[in-house]
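Report on the structure
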There are 2 protein chains.
Amino acid sequence: MSSISTDQADLQATRDASRKSWLASANDAHSDFPIQNLPFGIFGDTRNPAPRAGVAIGDAIVDLSALAEAGKLTLAQGGAVFAKPALNDFIALGRDVWRSVRIQLSALLEANCPTLRDDAGLRARALVAQADATLHLPVEIPGYTDFYSSKEHATNVGSMFRDPKNALLPNWSEIPIGYNGRASSVVASGTPVRRPNGQLKLPDQERPVFGACRKLDIELETGFIVGRGNALGEPIACADAEDHIFGMVLLNDWSARDIQQWEYVPLGPFNAKTFATTISPWIVTLDALEPFRVAQPRQEPEPLAYLRHDGDHGFDIELEVRLRPADAKEASTIARTNFKHMYWTMAQQLAHHTVSGCNTRVGDLMGSGTISGPTPDSFGSLLEMTWNGQRPLELASGGTRAFIADGDSLTLAGWCQGDGYRVGFGLCEGTILPAR
Amino acid sequence: MSSISTDQADLQATRDASRKSWLASANDAHSDFPIQNLPFGIFGDTRNPAPRAGVAIGDAIVDLSALAEAGKLTLAQGGAVFAKPALNDFIALGRDVWRSVRIQLSALLEANCPTLRDDAGLRARALVAQADATLHLPVEIPGYTDFYSSKEHATNVGSMFRDPKNALLPNWSEIPIGYNGRASSVVASGTPVRRPNGQLKLPDQERPVFGACRKLDIELETGFIVGRGNALGEPIACADAEDHIFGMVLLNDWSARDIQQWEYVPLGPFNAKTFATTISPWIVTLDALEPFRVAQPRQEPEPLAYLRHDGDHGFDIELEVRLRPADAKEASTIARTNFKHMYWTMAQQLAHHTVSGCNTRVGDLMGSGTISGPTPDSFGSLLEMTWNGQRPLELASGGTRAFIADGDSLTLAGWCQGDGYRVGFGLCEGTILPAR
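Treat the numbers as computed from the prediction; the structure is a model and nothing was measured.

1. With respect to the overall build of chain A
Counting its regular elements, chain A contains eleven helices and 26 strands. The C-alpha radius of gyration of chain A comes to 22 Å, within 12% of the 22 Å expected for a compact globule of 436 residues. Taking the principal axes of its C-alpha atoms as reference, chain A extends roughly 70 × 55 × 35 Å. Taken over 436 residues, chain A has a buried fraction of 62%. In chain A, the share of contacts with a sequence separation of at least 24, taken over all contacts with a separation of at least 6, comes to 72%. Of the roughly 15200 Å² of accessible surface on chain A, a fraction of 49% belongs to carbon and sulfur atoms. Placing the 39 positive and 51 negative side-chain charges of chain A at their respective mean positions leaves the two points 4 Å apart.

Take a look at the structure:
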């Protein structure tokens with residue numbers, strides 16, 4: 001069965017909609033992790049808490065280290081990269097290796113393959129229940145950049161904070177606007193988020209006051225992980241940019257709107273964003289997302305030459321935001337949107353990021369910017385949903401929200417809907433602790 | 001002689017103005033590296049190119065690895081940290097260790113200490129001529145933040161780009177404004193800098209064009225290196241902040257003014273800055289800078305409580321910018337200023353950075369922001385010196401400059417002037433290569 005291959009036909013077979021696994025939970029139409037997905041992450045479990053590489057399948061995790069040790073997963077470079085507490089060294093081996101591992105795993109997990117299915121001892125060593133696992137940040141993140149690529153979001157924010165008549169700034173339709181974020185405070189899903197303190201400028205006072213953020217918000221984003229960097233001074237061409245992407249995650253760019261509004265001119269948001277950014281723990285590879293490729297929105301004016309690419313570079317990823325107050329049993333879905341609305345593509349973002357010569361590194365995280373759709377129930381932030389707090393949301397679980405309350409749990413979910421299966425991202429969750 | 005101590009009297013002795021070294025070049029009144037300085041860096045040499053830790057003294061470098069191996073430098077944790085290609089692991093050992101190493105080195109290099117002076121074999125192993133060495137980045141930089149803390153610079157830029165009547169924005173005098181920079185493109189002095197390409201918005205055209213930056217500039221800054229980080233959610237108090245600083249470097253925040261002006265609203269500078277940031281190779285410790293502590297400028301209005309600290313937190317550091325055209329034999333000094341003009345202190349910058357709960361890590365680089373003095377010959381950028389190109393500089397070597405030309409070599413220099421000696425930073429140099 002498993003052989004080292006990066007053959008296109010073998011790769012195509014990993015995405016076959018009719019493919020099933022011998023692991024029943026992977027064949028559930030609502031599982032985020034069918035055999036067509038195989039996302040990579042870093043986990044530890046109750047038996048062995050050491051963080052190491054795994055791949056999600058149904059309600060389980062394949063322990064890549066254990067599988068390599070048993071000789072069932074073959075890497076020319078050896079399996080030691082899977083024992084590391086971050087995926088960077090594995091990712092740095094290059095796309096042929098990612099693909100070979102994907103193809104080998106897909107074969108091992110396929111319904112008719114007896115290797116793991118019929119070997120109880122090997123299964124006990126190499127399969128861990130997700131319920132017994134702790135998920136960590138999948139990569140060490142050398143750099144974090146956040147873009148601003150939803151036209152609807154930029155228009156909404158421009159209307160509120162600047163001029164509704166000229167909501168979209170002239171540079172927005174020429175540049176995939178982005179800024180450097182703070183990599184140190186990127187945390188894995190499930191990490192509690194402390195409400196930040198900072199300077200607040202109240203309308204009735206001449207000087208700012210110091211205190212807890214009163215307008216705590218989410219930003220529904222995705223992020224991509226750089227799989228191949230570029231050297232300083234050597235830009236990545238737009239046409240080649242997707243070859244530099246390992247995969248995608250969900251990203252919540254927590255935002256303190258009151259701190260942001262006072263601090264952001266002229267150098268951009270800082271303390272309003274640096275207190276935490278949460279990402280989902282599984283990196284869904286571009287290879288798994290390939291069947292869900294769609295055209296990006298029409299770009300008018302036509303971008304400058306360095307931002308042009310042929311073909312389709314959007315992805316049809318359904319996205320949801322859920323809010324559960326501390327005292328509620330169930331979460332309320334407060335927004336539904338789709339990644340396909342994004343104006344600037346990931347390839348354009350990466351081409352623009354590097355066109356000045358800026359270097360990127362394996363593991364760099366690039367946030368999409370808030371993903372807002374055209375209607376209020378598809379907006380990706382409370383700022384937009386409640387129009388800066390003026391129109392509080394009614395929660396299905398009872399109560400209202402202008403912004404996030406202490407104890408609220410916010411969850412992002414995302415998936416590509418296939419025929420009878422979905423390629424999902426797992427959850428991106430954070431619960432708010434009161435300010436210090 | 002060398003014993004493990006962090007005694008205040010021993011530490012004070014390392015700074016004694018009358019202290020001399022047996023290494024004659026260290027006693028030159030114009031050397032940046034007298035026995036009172038002892039800055040840390042990472043070097044390799046012609047005999048052994050492996051990057052490792054060193055301390056500059058006169059025209060030489062003390063190889064800390066070699067000294068530890070010879071048993072002449074004692075660390076409870078062992079000398080292996082000195083063999084690493086970055087100082088992070090050494091710095092992470094904490095201030096008591098930095099101080100103990102400083103005290104031991106000062107004793108070993110002092111005129112009357114025979115240990116190294118009289119042992120030709122040991123000197124051959126543990127002293128390397130700076131002329132034979134290549135200097136590398138001293139630390140691996142997990143995060144780079146750039147502040148904007150010179151009132152004169154912020155006023156000049158505000159006058160040019162916004163409104164001369166309200167040049168200083170209302171938040172500037174309340175917040176040590178800063179933004180996240182790009183850590184990946186921080187390079188060591190001597191690394192050539194490629195002129196960036198990017199989007200330029202010319203006044204007579206409706207749409208931007210793509211091309212090489214026409215307004216390439218420097219920003220004269222210093223930077224500090226975080227020596228002790230803080231956990232996410234646990235701010236650093238202003239009164240404790242200097243304890244978290246390992247030392248300082250010179251920093252040139254290369255800037256593409258035309259790219260910057262078109263891209264920076266609303267999220268701040270990005271491609272205009274991410275193509276390169278050059279730092280000087282030696283980290284001058286706060287312990288070496290202590291004799292040059294001065295009062296910061298009076299802050300009016302009084303800062304909010306979390307930004308208050310007693311005592312003096314400025315440093316008297318003389319700074320120069322030199323420009324040498326490709327065809328010139330000598331550099332022209334185009335600006336002279338002083339770090340003591342900085343309005344916001346390093347302690348206030350770090351307290352503000354973390355007050356939201358943002359975590360910092362050992363090796364983080366925090367830029368001061370352009371250091372401009374009150375007069376045009378003390379401005380820290382060509383943007384200000386030439387008032388956005390309107391008043392080109394006359395170079396002493398002949399020719400004029402509105403902005404930087406290809407082939408120009410730009411050098412920052414800085415030192416604290418003591419009585420008969422100077423505690424210097426070495427040079428921070430970069431030469432411009434033409435755009436691709």
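2. A short note on the relation of the copies chain A and chain B
Between chain A and chain B, which share one sequence, the superposing operator has a rotation angle of 180° and an axial displacement of 0.0 Å; the RMSD is 0.0 Å. Such values leave the two copies arranged in the relation of a two-fold axis. Minimal C-alpha distance to the rotation axis in chain A is attained by glycine 268 of chain A, lying at 2.2 Å. In this assembly, 100% of the residues forming the interface of chain A have copies in chain B that are likewise at the interface, indicating an isologous arrangement.

3. Regarding the UniProt feature "binding site: Ca(2+)" (unreviewed entry) in chain A
Residue and element names in this part refer to chain A. Under the UniProt annotation, "binding site: Ca(2+)" (unreviewed entry) lies at Asp146, Glu219 and Glu221. These annotated residues cover 76 residues of sequence, and their C-alpha atoms lie no more than 11.1 Å from one another, placing them together at a single site. By the secondary structure assignment, aspartate 146 is in strand β6 (residues 144-147). In this structure aspartate 146 touches Gly178, Tyr179, Glu221, Asp253, Gly367, Ser368 and Gly369, once residues within four positions along its chain are discounted. In this fold, glutamate 221 is placed in strand β13 (residues 220-226). Judged by relative accessible area, which is 0%, glutamate 221 ranks as buried. Filtering out sequence-adjacent residues up to four positions away, glutamate 221 remains in contact with Asp146, Leu250, Leu251, Asp253, Gly367, Ser368, Gly369, Thr370, Ile371 and Leu412.

4. Some remarks on the UniProt feature "binding site: Mg(2+)" (unreviewed entry) in chain A
All names here are of chain A. With numbering matched to this structure, UniProt assigns "binding site: Mg(2+)" (unreviewed entry) to Asp253, Lys273 and Thr277. Their sequence span is 25 residues, while the largest C-alpha to C-alpha distance among them is just 7.6 Å; these annotated residues converge on one region. Turning to its location among the elements, lysine 273 is positioned in the loop between α8 (257-263) and β16 (277-279). Judged by relative accessible area, lysine 273 falls into the buried class, the value being 8%. If we skip the residues at most four places from it in the chain, lysine 273 touches Tyr179, Glu219, Asp253, Trp254, Ser255, Arg257 and Gln260. Secondary-structure assignment places threonine 277 in strand β16. Of the residues examined, threonine 277 reaches a relative accessible area of 1% and is grouped as buried.

5. Overview of the pattern of salt bridges
Residues and elements named next belong to chain A. Using the criterion set out here, one finds 42 salt bridges over all chains in the structure. As a salt-bridge pair, lysine 84 and aspartate 89 come within 2.6 Å of each other at their nearest N and O atoms. By relative accessible area, aspartate 89 is classed as partly exposed at 36%. Linking arginine 117 and aspartate 118 is a salt bridge whose minimum nitrogen-to-oxygen distance equals 2.9 Å. Judged by its relative accessible area of 28%, arginine 117 is partly exposed.

6. A short note on the side chain of glutamate 219 of chain B
Assignment of secondary structure puts glutamate 219 of chain B in the loop between β12 (216-217) and β13 (220-226). Beyond its immediate chain neighbours, meaning those up to four positions away, glutamate 219 of chain B contacts His153, Leu251, Asn252, Asp253, Ser255, Arg257, Lys273, Thr370 and Gly380 of chain B.

7. Thoughts on the interface of chain A and chain B
How big an interface is tends to be expressed through the accessible area that disappears when the partners come together. Between chain A and chain B, the contact holds 60 residues from the first and 60 residues from the second. Interface area, chain A with chain B, both sides summed: about 5400 Å², of which 58% is carbon and sulfur. Our count for the chain A to chain B interface comes out at four salt bridges. For the interface between chain A and chain B, the tally reads 26 residue pairs in polar contact (both at pLDDT 80 or more). For the side of chain A that touches chain B, the secondary structure elements donating two or more residues are β6, β7 (178-180), β10 (197-200), β11 (209-212), α8 and α10 (346-355) of chain A. Its residues placed into classes, the side of chain A that touches chain B shows 31 nonpolar, 19 polar and ten charged.

8. Description of the sheet that holds strand β25 (residues 409-417) of chain A
All names here are of chain A. With mixed pairing, five strands are arranged side by side in an open sheet as β9-β26-β25-β20-β21. Two strands in the sheet have a free side with no partner beyond their single neighbour: β9 (193-194) and β21 (332-338). In this structure, β25 lies alongside strand β26 (residues 422-433), joined through eight bridges in antiparallel fashion. Looking at β26, one finds that alanine 413 is bridged to leucine 427.

Calculation criteria
Residues numbered from 1 in each chain as written. Chains lettered and ligands numbered in written order. Predicted model: local features only at pLDDT ≥ 70, side-chain atom pairs only at ≥ 80, totals over all residues. Heavy atoms only, no water. Helix = DSSP H or I, 4+ residues; strand = E, 2+ residues; numbered from the N terminus. Rg over C-alpha atoms; globule rule 2.2 N^0.38 Å. Buried < 20%, exposed > 50% of the residue type's maximum accessible area, 1.4 Å probe, protein only. Contact = heavy atoms within 4.5 Å. Areas by Shrake-Rupley, 256 points an atom, 1.4 Å probe, with all protein chains shown as cover. Lys, Arg positive; Asp, Glu negative; His and termini not counted. Charge placed at Lys NZ, Arg CZ, Asp CG, Glu CD. Least-squares fit on C-alpha atoms with pLDDT ≥ 70 in both. UniProt positions renumbered as here; feature names shortened; annotations may be inferred. Salt bridge = Lys/Arg side-chain N within 4 Å of Asp/Glu carboxyl O. Buried area = accessible area lost by both parts, 1.4 Å probe. Polar contact = N/O pair within 3.5 Å; in protein donor to acceptor, adjacent residues only side chain to side chain. Nonpolar A, V, L, I, M, F, W, Y, C, P; charged D, E, K, R; others polar. Pairing = 2+ DSSP bridges.

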